[in-house]
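# Overview (structure and organization)
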There are 2 protein chains.
Amino acid sequence: MGKKLTKRSEDYSKWYNELVVKADLAENSGVRGCMVIKPYGYAIWEKMQAALDKKFKETGHENAYFPLLIPKSYLSKEASHVEGFAKECAVVTHYRLKNAEDGSGIIVDEDAKLEEELIIRPTSETIIWDTYRKWIQSYRDLPLLINQWANVVRWEMRTRLFLRTAEFLWQEGHTAHATEKEAIEEAEQMMDVYADFAENHMAVPVIKGVKTESERFAGAVETYCIEALMQDGKALQAGTSHFLGQNFAKAFDVKFASKEGKQEYVWATSWGVSTRLMGALVMTHSDDNGLVLPPKLAPIQVVIVPIYKGLDQLDAISKKVDPLVKELRAKGISVKYDDRDTYKPGFKFNEYELKGVPVRLAIGQRDMENGTYEVARRDTLEKETVPMDEVIAKIEFLMEDMQKNIFNKALDYRKEHITEVDSYGEFKKVLEEKGGFISAHWDGTVATEDRIKEETKATIRCIPIEGDTTPGHCMVTGDPSARRVLFAKAY
Amino acid sequence: MGKKLTKRSEDYSKWYNELVVKADLAENSGVRGCMVIKPYGYAIWEKMQAALDKKFKETGHENAYFPLLIPKSYLSKEASHVEGFAKECAVVTHYRLKNAEDGSGIIVDEDAKLEEELIIRPTSETIIWDTYRKWIQSYRDLPLLINQWANVVRWEMRTRLFLRTAEFLWQEGHTAHATEKEAIEEAEQMMDVYADFAENHMAVPVIKGVKTESERFAGAVETYCIEALMQDGKALQAGTSHFLGQNFAKAFDVKFASKEGKQEYVWATSWGVSTRLMGALVMTHSDDNGLVLPPKLAPIQVVIVPIYKGLDQLDAISKKVDPLVKELRAKGISVKYDDRDTYKPGFKFNEYELKGVPVRLAIGQRDMENGTYEVARRDTLEKETVPMDEVIAKIEFLMEDMQKNIFNKALDYRKEHITEVDSYGEFKKVLEEKGGFISAHWDGTVATEDRIKEETKATIRCIPIEGDTTPGHCMVTGDPSARRVLFAKAY
């Protein structure tokens, strides 16, 4: 387990980096910017995937799989798309290695140069719309509602586990529609699906909004997003959904025959969330003792630790515990009974606290005599003694209560960290001293947005869907502002 | 739907290629050798994944994720491994594109050359064992039982949908053990898991065996395999499990402290199955009308087609059908009620036959009057009229019966196509006229194996685990043979 975790108040960034590694979520690999997702971290990601996949299927989407490699020429078909991604593309130029003739090792075989270089997908709009041209002829082929679970590569210069990695895992939805209205509704629906998932599974409160022009996805007409707030007062974009207009349909010549027999370009959306969500999960709930996981996403929901001297005592405890384990599993609760003889109870307590297991049961000799368990909840670290015949009900209560409690705690934090300001001086002061979201008037120009970013590092996280829509005057220029927008420093 | 499928007897290979595309399983993409797996094909793959993943977890394995990109130098650490894979590696040499100065388009930015070139994983032993060095210190860290679901790239020159593609999806298990015995047991266990999956989910009978030295995985001490037989008499390797000895532990310096405190090299296995199984599934069961799918892997198990004139009749039918759909779904049977008004029943019948939906229910006016459904099973194409109150029991029966029936049909075919021969002349004759597996004596030398391959294109598929172990004399050289082995032409 090594030494203690750095405290959040000491160095939030260091706390995060240490926690991700110590809690066995992920670690850096020998490949620049690429991480290894360890089994415990991957088990959380699998739970996220399962919940999201169910929601996608319930909203009519099907999964498919498109190639990892994209011909360079595809990328350049949509002008703003190539501009957004060309600078961070991993490029495959050759397809064979050989032994160096001077015996220095394995080198690229220069004779095996690809005719057209390929890029590793940074996102799949181009290869997918090249395919959709073959799949869409008539209005009867629409809507086409497809999702893909995949890995993508974006050659980032500064990386951090989960938050920004050269390769990451994600899902990307790509849909095609007959009308603009339907495509916009789809993009909005998927933002809602993401918000629902973030709040009800991850217990992470999010603000729904649209991005300003300069923060939009490369090739989108409108980008919808959900924005979360981390415990250090910085925002994190947790998911985006894009209305792509007819940009990709025109770039890849995807037309359909309407009911009236006219040839029209198809309307598109795309939407995605990634392993970045793992970072948001960690940074929203966890504390100085380690991870705090929402019960719905915890790979182990309940751990039972026996406290004993000698194998006779352990046997007696195991006889009590075994039926409980079975009963909990039958109720769909994942339980681990940790009867390893190679580690002491105190070590195990620390380990499960660090790994954020929601409920810990301990049982020793006094509990055996009294017919009780010691039940500890990870979120508040409270412990209580519970009669054996009430322990299942207690666990079921805790599964729901902890899910709610950590959500409410995060929501309270966010409420305290949305500040309304009316002057640029106040803006800078709040940003410096308190952080969080700042609700302020902005004149709607890229110039002002850029100036604020340059001077303060804060960006417009979104124009919220809900909330105050009263017009006012830009805090920087004094020019008219249609409504307040949300600023923050962000991950 | 286009024109009729080519018959198997006319051109088996063409039949396969057409069927995969027409049944909406997969198609070629604009990227050389890379396929698009379409939603219907992907839904079958998802069912395969779910069943396999459950089996892996039941045998104690956890999932994790390792980088897509591998430094070139890792590959060369295990000598026979690099020899096996270097010639088909996609190599990433640059990480940025830019606009060509002459305006000719997007080109590789030569200034953004990687310091060390990376290869796209053709398999992950090297990156994983580089990671295991950090994870394994003591016998308490063993066994390490990890699986990864991932995409891999092998630059094949001649590709075919599912059977051989430049990029494919697979799972790769990588385990580490304290003893040789335990690692061998693991490799054998995973061969058994694959065989169980092939026979009980895919309904594909397989022969378990070990590979000869020249057919072994690059870097393995022993390769276990399951071999299936296709309807054209060619074999298909459906899964492999490798005992890797200490080769990778030595190449990546992975040692552990034993209970006795000695530093020892770790013992390893790896094992994998891929989207190639989709090809095996199609080629084992399907017929001249289209796919035949085992009920356990069919995305749609039952389709219901209404036969009506006018919307009043359709409404009346729907009122009958809706509760049935609900009841079947409650039983975990996937049902589609196809009430599309845009296509005629005959068209729908053909479509679901082509797509291999196991059971088709039709209901028209006479059925409404008589209280019956017409029930058609896809495997035998038999139809019968079933009273409405017996239809659920009938469907449940068919789900089991069809699963068994197509397995037995494939097993009968295989039994008829294992021929024992004692002379090379007979061998060539059987191979030419009948195909299938040929059980023959072989002197155990690579030279004879190579000669047979060169002269007949047949390879030794495996030395079967079960079956005749009587010694004899090689059919080619007359030298002593320890036992009969299985030859075949193979995919």
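The shown structure was predicted, so the numbers you read here are calculated from the model rather than taken from an experiment.

### Some points on the overall build of chain A
If you tally the helices and strands in chain A, you get 14 helices and 27 strands. The C-alpha radius of gyration of chain A comes to 26 Å, within 12% of the 23 Å expected for a compact globule of 491 residues. For chain A, the proportion of its 491 residues judged to be buried stands at 60%. In chain A, the proportion of contacts linking residues at least 24 apart, taken out of those at least 6 apart, comes to 68%. As presented, chain A carries roughly 20200 Å² of accessible surface, and 47% of it is formed by carbon and sulfur atoms. Chain A carries 68 positive and 79 negative side-chain charges, and their two centres are separated by 3 Å.

### What to know about the environment of B:Val152
Residues and elements named next belong to chain B. Relative to the helices and strands, Val152 resides in strand β9 (residues 144–153). Considered as a pair, Val152 and Leu169 are 17 residues apart in the sequence and their alpha carbons are 6.4 Å apart. In contact with Val152, other than residues within four places in its own chain, are Arg121, Pro122, Thr123, Ala166, Glu167, Phe168, Trp170 and Glu172.

### What about the sheet that holds strand β12 (residues 222–229) of chain A?
The strands making up a sheet associate through backbone hydrogen bonding, with each pair oriented either parallel or antiparallel. All names here are of chain A. One open sheet accounts for 11 strands, arranged β3-β9-β10-β16-β13-β12-β11-β24-β27-β23-β22; its pairing is mixed. Edge positions in the sheet fall to β3 (62–63) and β22 (418–420), since each has one partner strand and no second. Relative to strand β10 (residues 167–177), strand β9 (residues 144–153) is paired through 10 bridges, and the arrangement is antiparallel. Across the sheet, residue Asn147 finds its bridge partner in β10, namely Gly173.

### Points about the packing of aromatic side chains
A full pass over the atoms with the stated rule returns 36 aromatic pairs over all chains. The interplanar angle of 15° and the centroid separation of 6.2 Å between the aromatic rings of B:Phe243 and B:Trp267 together place this pair among those described as stacked. Pair noted here: B:Phe243 is in strand β13 (residues 235–245) and B:Trp267 is in strand β16 (residues 267–274), with a separation of 24 residues, a long-range link. By relative accessible area, which is 4% here, B:Phe243 ends up buried. By the ring-pair criterion, three or more aromatic residues cluster together here, those being A:Trp45, A:Phe56, A:Trp149, A:Tyr194 and A:Trp271. Its end group placed over the ring of A:Tyr40, A:Lys355 keeps NZ or CZ at 4.8 Å from the ring centre. The ring of B:Tyr491 carries the charged tip of B:Lys234 above its face, separated from the ring centre by 4.3 Å.

### Examining the UniProt feature "domain: Aminoacyl-transfer RNA synthetases class-II family profile" (unreviewed entry) in chain A
Mapped onto this numbering, the UniProt entry gives "domain: Aminoacyl-transfer RNA synthetases class-II family profile" (unreviewed entry) at residues 27–294 of chain A. This span, residues 27–294 of chain A, is 29% helix and 32% strand, and a straight line between its end C-alpha atoms measures 22 Å.

### Describing the pattern of salt bridges
Residues and elements named next belong to chain B. Taken as a whole and assessed by the stated rule, the structure comprises 64 salt bridges over all chains. The closest approach of N and O atoms between Asp24 and Lys355, which form a salt bridge, is 3.3 Å. Placement of the pair is Asp24 in the loop between α1 (12–22) and β1 (26–28) and Lys355 in the loop between α10 (345–354) and β19 (359–363), with a sequence separation of 331 residues. Accessibility expressed as a relative area gives 26% for Asp24, which makes it partly exposed. Across the pair Lys348 and Asp338 runs a salt bridge, and its minimum N-O distance is 3.7 Å.

### Structural notes on the packing of helix α2 (residues 39–58) of chain B against helix α6 (residues 180–200) of chain B
When two helices pack together, their arrangement is given by the angle between the helix axes and the distance between those axes. All names here are of chain B. Packing of α2 against α6 leaves a shortest axis separation of 11 Å and a crossing angle of 145°. Where α2 crosses over α6, the two elements pack in a sense that is right-handed. Of α6, the residues touching α2 (which contributes Met48, Ala51, Leu52, Lys55 and Phe56) are Met190, Val193, Tyr194, Asp196 and Phe197. When the residues that make up the contact of α2 with α6 are grouped by side-chain class, the tally is 8 nonpolar, no polar and 2 charged.

### Describing the side chain of A:Asp443
Residues and elements named next belong to chain A. Of note, Asp443 is situated in the loop between β23 (437–441) and α14 (446–456). No salt bridge is formed by the buried Asp443. Its closest oppositely charged neighbour is Arg451, at 8.1 Å. A polar contact is formed between the side chain of Asp443 and the side chain of Thr445, at a distance of 2.8 Å. A polar contact of 2.7 Å, which involves the side chain of Asp443, links it to the side chain of Thr448. Ignoring any residue separated from it by four or fewer positions in sequence, one finds Asp443 in contact with Thr448, Cys474, Thr477, Asp479 and Pro480.

### Regarding the state of the cysteines
Residues and elements named next belong to chain B. For the structure shown, the criterion picks out 0 disulfides over all chains. Cys34 forms no disulfide, and the closest cysteine sulfur to it belongs to Cys89, at a distance of 14 Å. For Cys34, a relative accessible area of 1% translates into the label buried.

### Focus: helix α2 (residues 39–58) of chain A
An α-helical turn contains 3.6 residues, so a residue and the one three or four places further along point in the same direction. For α2(A), with 20 residues, the first-to-last C-alpha span of 28 Å sits near the 28 Å given by 1.5 Å per residue. With 14 of 20 residues buried, α2(A) lies mostly within the body of the structure.

### What about unusual backbone geometry?
Residue and element names in this part refer to chain A. Looking along the chain, the bond that leaves Leu142 and enters Pro143 is cis, with omega of -5°. Mapped onto the fold, Pro143 is located in the loop between α5 (125–135) and β9. Of note in this structure, Leu381 is not a glycine but carries a positive phi near 65°. Position of Leu381 among the secondary structure elements: in the loop between β20 (372–377) and β21 (383–387). Judged by relative accessible area, which is 38%, Leu381 ranks as partly exposed.

### A short note on the sheet that holds strand β12 (residues 222–229) of chain B
Residues and elements named next belong to chain B. Overall, mixed pairing links the 11 strands, which are arranged β3-β9-β10-β16-β13-β12-β11-β24-β27-β23-β22 in an open sheet. A strand with exactly one partner marks an edge of an open sheet, and here the two such strands are β3 (62–63) and β22 (418–420). The pairing of strand β11 (residues 207–210) with β12 spans 4 bridges and is antiparallel. Across the sheet, Lys208 pairs through a bridge with Ile226, a residue of β12.

### Thoughts on the pairing of strand β20 (residues 372–377) of chain B
The side chains of a regular strand alternate, first on one face of the sheet and then on the other. All names here are of chain B. Summarising burial for β20: 5 of the 6 residues are buried, a large majority. Summarising the sheet, β19 and β20 pair through 4 bridges and their orientation is antiparallel. Each bridged residue has a counterpart across the sheet, and for Val359 the counterpart in β20 is Arg377. Between the antiparallel neighbours β20 and strand β21 (residues 383–387) lie 5 residues, among them Leu381 with a positive phi of about 65°.

### Description of the pairing of strand β27 (residues 484–488) of chain A
All names here are of chain A. Where burial is concerned, most of β27 is hidden: 5 out of the 5 residues are buried. Across the two faces of β27 the burial is the same, with Arg484, Leu486 and Ala488 and Val485 and Phe487 all buried. Sheet analysis places β23 next to β27, joined by 4 bridges and oriented antiparallel. By the bridge assignment, His441 is partnered in β27 with Arg484. Relative to β27, strand β24 (residues 459–464) runs antiparallel, the two sharing 3 bridges. Following the sheet pairing, Cys462 is matched in β27 by Leu486.

### Details of the nonpolar core
Proteins that are soluble and globular tend to have nonpolar side chains buried together. The biggest cluster of nonpolar side chains holds 237 residues, and the ones touching the most others in it are A:Ile120, A:Trp129, B:Ile120 and B:Trp129. Non-local contacts of A:Ile120, meaning those with residues more than four positions away in its chain, are made with A:Leu68, A:Leu69, A:Ala90, A:Val92, A:Val153, B:Leu68, B:Leu69, B:Val92 and B:Ile120.

### Some details on the interface of chain B and chain A
Across the boundary between the two partners, chain B contributes 64 residues, which contact 64 residues of chain A. Contact between chain B and chain A buries roughly 5200 Å² in total, counting both sides, with carbon and sulfur atoms accounting for 66%. Looking at the side of chain B facing chain A, the largest losses of area belong to B:Tyr65, B:Tyr95 and B:Leu97, adding up to 13% of the total buried there. For the interface between chain B and chain A, the tally reads 2 salt bridges. In this structure, B:Lys57 and A:Glu46 form a salt bridge, with 3.2 Å as the shortest nitrogen-oxygen distance. The tally of links between chain B and chain A comes to 30 residue pairs in polar contact (both at pLDDT 80 or more).

### Comments concerning the relation of the copies chain B and chain A
Turning chain B through 180° and shifting it by 0.0 Å along the axis lays it on chain A, with an RMSD of 0.0 Å. Such a turn and shift between the copies fits a two-fold axis. Among all residues of chain B, the one whose C-alpha sits closest to the rotation axis is B:Val92, at a distance of 2.1 Å. Here 100% of the interface residues in chain B have copies in chain A that are interface residues too; the copies meet face to matching face.

### Points about the packing of helix α9 (residues 310–330) of chain A against helix α12 (residues 391–416) of chain A
Residues and elements named next belong to chain A. In the contact formed by α9 and α12, the axes pass within 11 Å of each other and the chain directions differ by 40°. Relative to α12, the element α9 is oriented oblique. In this structure, α9 meets α12 at a crossing whose hand is right-handed. Mapping the contact onto sequence places Leu324, Glu327 and Leu328 in α9 and Val391, Ile392 and Ile395 in α12. Taken together, the residues that form the contact of α9 with α12 break down as 5 nonpolar, no polar and 1 charged.

Definitions and limits used
Residues numbered from 1 in each chain as written. Chains lettered and ligands numbered in written order. Predicted model: local features only at pLDDT ≥ 70, side-chain atom pairs only at ≥ 80, totals over all residues. Heavy atoms only, no water. Helix = DSSP H or I, 4+ residues; strand = E, 2+ residues; numbered from the N terminus. Rg over C-alpha atoms; globule rule 2.2 N^0.38 Å. Buried < 20%, exposed > 50% of the residue type's maximum accessible area, 1.4 Å probe, protein only. Contact = heavy atoms within 4.5 Å. Areas by Shrake-Rupley, 256 points an atom, 1.4 Å probe, with all protein chains shown as cover. Lys, Arg positive; Asp, Glu negative; His and termini not counted. Charge placed at Lys NZ, Arg CZ, Asp CG, Glu CD. Pairing = 2+ DSSP bridges. Phe/Tyr/Trp six-rings, centres within 6.5 Å; stacked < 30°, edge-to-face > 60°. Lys NZ or Arg CZ within 6 Å of the ring centre and 35° of its normal. UniProt positions renumbered as here; feature names shortened; annotations may be inferred. Salt bridge = Lys/Arg side-chain N within 4 Å of Asp/Glu carboxyl O. Axes fitted to C-alpha atoms, helices over the stretch in contact; angles between N-to-C directions. Left-handed = near helix turned anticlockwise from the far one by under 90°. Nonpolar A, V, L, I, M, F, W, Y, C, P; charged D, E, K, R; others polar. Polar contact = N/O pair within 3.5 Å; in protein donor to acceptor, adjacent residues only side chain to side chain. Disulfide = S-S within 2.5 Å. Expected span 1.5 Å × (residues − 1). Core = buried A, V, L, I, M, F, W, Y, C linked by side-chain atoms within 4.5 Å. Buried area = accessible area lost by both parts, 1.4 Å probe. Least-squares fit on C-alpha atoms with pLDDT ≥ 70 in both. Parallel < 35°, antiparallel > 145°, perpendicular 65-115°, else oblique.

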